[in-house]
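Below are the chains, spelled out letter by letter.
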Amino acid sequence: MSKNKNVVPEAREGLNRFKMEAANEVGVNLKQGYNGDLTSKQAGSIGGQMVKKMIESYENSLK
């Protein structure tokens, strides 16, 4: 059971779509639900891609 709580519960679906998109971009086969079979490297690459895209989005909003 996940201990993570979204401040805005309605955002969960958007975050899941964002995660799936990031996984696709780095070539990691992510499925809905439990993904305990991922390596640390794969999981880290997904998180890293998500952070990279968030930073790019923020920088673009400053322009």
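Here the structure is shown first, and the text comes after it.
From a predicted model like this one, the values you see are computed outputs, not experimental measurements.

Draft legend 1. Fine view of the overall build of the protein chain. Secondary structure assignment for the protein chain yields two helices and zero strands. The dimensions of the protein chain, computed from C-alpha atoms along their principal axes, are 40 × 25 × 15 Å. Out of the 63 residues belonging to the protein chain, those deemed buried represent 14%. In the protein chain, the proportion of contacts linking residues at least 24 apart, taken out of those at least 6 apart, comes to 34%. Charged side chains in the protein chain number 10 positive and 7 negative. The centres of these two groups are separated by 6 Å.

Draft legend 2. Fine view of helix α1 (residues 12–26). Across its 15 residues, α1 extends 21 Å between first and last C-alpha, which sits within 8% of the 21 Å expected from 1.5 Å per residue. The complete set of buried residues in α1 reads Phe-18, Ala-22 and Ala-23. End-on, the buried residues of α1 take up no more than an arc of 135 degrees, which puts them together on one face. More than 90 degrees from the buried face of α1, the exposed residues found are Arg-17 and Asn-24. Of the surrounding elements, those touching the buried residues of α1 are α2 (40–62). Of the residues flanking the end of α1, it is Gly-27, one or two places downstream, whose phi is positive at about 80 degrees.

Each value, and the rule that gives it
- Numbering of residues begins from 1 in every chain and follows the order in which that chain's sequence is written.
- Local features are withheld for residues below a pLDDT of 70 in this predicted model, meaning they are given only at 70 or higher, and side-chain atom pairs are given and counted only at 80 or more; totals for whole chains, interfaces and linings count all residues.
- The side-chain figures draw on all heavy atoms in the structure; neither hydrogens nor water molecules are used.
- Helix numbers and strand numbers start at the N terminus; a helix is a DSSP run of H or I with at least 4 residues, a strand a run of E with at least 2.
- Between buried and exposed lies partly exposed: a residue is buried under 20% and exposed over 50% of the maximum accessible area for its type, with that area taken using a 1.4 Å probe on protein chains only.
- Contacts are assigned to residue pairs that have any heavy atoms within 4.5 Å of one another.
- Charged-residue counts in this description rest on Lys and Arg as positive and Asp and Glu as negative, His and the chain ends being excluded.
- One atom stands in for each charge, and that atom is NZ of Lys, CZ of Arg, CG of Asp or CD of Glu.
- By this rule the span expected of a helix is its residue count minus one, scaled by 1.5 Å.
- In this description, the arc belongs to the directions extending from the helix axis to the C-beta atoms.

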